[in-house]
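Spelled out from the first residue to the last, the chains are:
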Amino acid sequence: MHDKPDETVGALIEEFLTARATGKPSPHTLAAYRRDLTTVAELVAADGDTTPLPLDRLTVGVLSPRVMRAAFARFAAPRAAASVHRAWSTWNSFFTFLVAEGVVPGNPMPAVGRPRTPLPRPKPLRGEDTPEELLAAVARAEGRQRDPWPERDLAVLALALCAGLRLSELLALRVSSVAGRDGERRVDVAGKGGRPRTVPIEDAVDRVLAGYLDSRRHRFGSRSVRPDAPFLVDRQGEALRRGGLQYLVESCYRRAGIGDRVPQGARLHALRHTFATRLAEDGASAAEIMRLLGHASLASSQTYIEVTAGQQRAAVAANRTNRALSGLAPPR
């Protein structure tokens, strides 16, 4: 393979994004890749000039370690460390792709400094009994709602609070994602970065989910719960979307009167953090929590730690939020 210094940065960015798209990242992730690549490339193209060189004329051979350091210094000045770190990772992936394609002989990014970013702090719901209050309030159909559907709303909260699912993972669920024999029920999750995982669920959660599907049959008929159908739907029976799910969770907080106990910037994610925090408080190990949440590693330098299905199930069974659902779920 030979390096190709005359290829344009604009064309190579498009090739990289096309290659990334085969891994089915979210549209938001692809948009972030494009933004980080073009913003830094435009700083290289400008290089102090009032009329920057278009990216379809900027050649990749220009992107030396010295040039990339200077561009990242300008990029970092007005931005938070997390944004700079994310852009550095994107460019590192971009150059790794170019090396693999034989476009450039090496990756200059190790010569470009990047800020250390502290691990994000958990943001669970505040208050010892807040999850229980939330579940109890949502289980009650309120007359003020135009079309109350407490079974569906409770199912969303149960999956977030007792299985730790992310927003994107909730939206990706299918009816067949909830599977397994009695006593060994589970949710099969399409995790972040395309990593699948299985999360055990207790009987109370299973009954809440079954109650939701029963209510859906009554609303829309049996065909609405075929195995390949989206697990979460709106009040018209259509697949629930990102904005609709966020609004649903916000309305649950309002109905329970706990809006002041939800950390800023962690609306639905606060439920996932509550799941993890309670697991830790009730004795689950770091490896069990890592596996249940779908994280690839305990830290970037540590290897992935496997735990057995039995350990995962025991960790979930210890989550005391399950006990709050026991009195709310319909009998089977």
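Residues numbered from 1 in each chain as written. Predicted model: local features only at pLDDT ≥ 70, side-chain atom pairs only at ≥ 80, totals over all residues. Heavy atoms only, no water.

Chemist: How should the overall build of the protein be read in this particular structure?
Modeler: What the protein contains, in helices and strands, is 13 helices and three strands. Surface accessibility of the protein: about 17100 Å² in total, with carbon and sulfur atoms responsible for 52%. (Helix = DSSP H or I, 4+ residues; strand = E, 2+ residues; numbered from the N terminus. Areas by Shrake-Rupley, 256 points an atom, 1.4 Å probe, with all protein chains shown as cover.)

Chemist: How should I be thinking about the packing of aromatic side chains in this particular structure?
Modeler: How two aromatic rings sit relative to each other is given by the distance of their centres and the angle of their planes. Scanning all chains against the criterion turns up 10 aromatic pairs. Summarising the aromatic geometry, the rings of Phe94 and Phe95 are spaced 5.9 Å apart at their centres and angled 50° between planes, so their arrangement reads as tilted. Phe94 gets classed as buried once you look at its relative accessible area, which sits at 1%. Residue class for Phe95 comes out buried when judged on its relative accessible area of 1%. Aromatic side chains Trp149 and Tyr212 sit 5.7 Å apart centroid to centroid with 45° between the ring planes, which places their arrangement in the tilted category. Residue Trp149 is located in the loop between α5 (130-139) and α6 (150-163), and its partner Tyr212 is located in helix α8 (residues 203-220); the two are separated by 63 residues in the primary sequence. Accessibility assignment for this pair places Trp149 and Tyr212 in one class, buried. One aromatic cluster is present, formed by Phe16, Tyr33, Trp91, Phe94, Phe95 and Phe97 through successive ring pairs. Positioned over the ring face of Trp88 is Arg114, at 4.0 Å from the centre of the ring. In this arrangement the basic side chain of Arg219 is found over the ring face of Trp149, its NZ or CZ atom lying 4.2 Å from the centre. (Phe/Tyr/Trp six-rings, centres within 6.5 Å; stacked < 30°, edge-to-face > 60°. Buried < 20%, exposed > 50% of the residue type's maximum accessible area, 1.4 Å probe, protein only. Lys NZ or Arg CZ within 6 Å of the ring centre and 35° of its normal.)

Chemist: I'm lost on the pattern of salt bridges in this one. Help?
Modeler: Pairing between side chains of opposite charge can happen when their charged atoms approach one another. Applying the stated rule across the entire model yields 16 salt bridges. Between Asp36 and Arg86 there is a salt bridge whose closest N-O contact spans 2.8 Å. Of this pair, Asp36 sits in helix α2 (residues 27-46) while Arg86 sits in helix α4 (residues 81-100), and the two are 50 residues apart along the sequence. Where Arg185 meets Asp206, a salt bridge forms, and the shortest distance between an N and an O atom there is 3.1 Å. With Arg185 in the loop between β1 (178-179) and β2 (186-190) and Asp206 in helix α8, this pair connects stretches of sequence that are 21 residues apart. Under the relative-accessibility criterion, Arg185 is labelled buried at 18%. (Salt bridge = Lys/Arg side-chain N within 4 Å of Asp/Glu carboxyl O.)

Chemist: Got a minute to help me understand the pairing of strand β3 (residues 196-200) in this structure?
Modeler: Regular strands place their side chains on alternate faces of the sheet. In this sheet, β3 lies alongside β2 in antiparallel orientation, the contact comprising five bridges. Residue pairing across strands places Asp188 opposite Thr198, the latter belonging to β3. The antiparallel hairpin formed by β2 and β3 contains five residues in its connecting segment, where Gly193 sits at a positive phi of about 70°. (Pairing = 2+ DSSP bridges.)

Chemist: Would you mind showing me how to read the sheet that holds β1 here?
Modeler: Within a sheet, adjacent strands bond to each other through the backbone by hydrogen bonds, running parallel or antiparallel. Here we have three strands laid out as an open sheet, ordered β1-β2-β3, and antiparallel in their pairing. Only two strands of the sheet have a single neighbouring strand rather than two, namely β1 and β3.

Chemist: Would you mind going over the nonpolar core with me for this structure?
Modeler: Generally speaking, a soluble globular protein has its nonpolar side chains buried in company with each other. Residues Leu134, Phe231, Tyr253, Leu271 and Leu325 are the most contacted members of the largest nonpolar core, which totals 60 residues. Every element with two or more residues in this core is listed here: α5, α6, α7 (167-172), β2, α8, α9 (242-256), α10 (269-281) and α11 (286-293). No other element matches the 10 residues that α6 contributes to this core. Residues within four places of Leu271 in sequence aside, it is in contact with Leu125, Leu134, Leu157, Ala160, Leu161, Val249 and Tyr253. (Core = buried A, V, L, I, M, F, W, Y, C linked by side-chain atoms within 4.5 Å. Contact = heavy atoms within 4.5 Å.)

Chemist: Would you explain the packing of α2 against α4 in this entry?
Modeler: The packing of two helices is summarised by the inter-axis angle and the distance between the axes. Running from N to C, α2 and α4 point in directions that differ by 90°, and their axes come no closer than 9 Å. Considered as vectors, α2 and α4 are oriented roughly perpendicular to each other. Contacts between α2 and α4 involve Tyr33, Arg35, Asp36, Leu37, Val40 and Ala41 from the first element and Arg86, Ala87, Thr90, Trp91 and Phe94 from the second. Grouping the constituent residues of the contact of α2 with α4 by class yields seven nonpolar, one polar and three charged. (Axes fitted to C-alpha atoms, helices over the stretch in contact; angles between N-to-C directions. Parallel < 35°, antiparallel > 145°, perpendicular 65-115°, else oblique. Nonpolar A, V, L, I, M, F, W, Y, C, P; charged D, E, K, R; others polar.)

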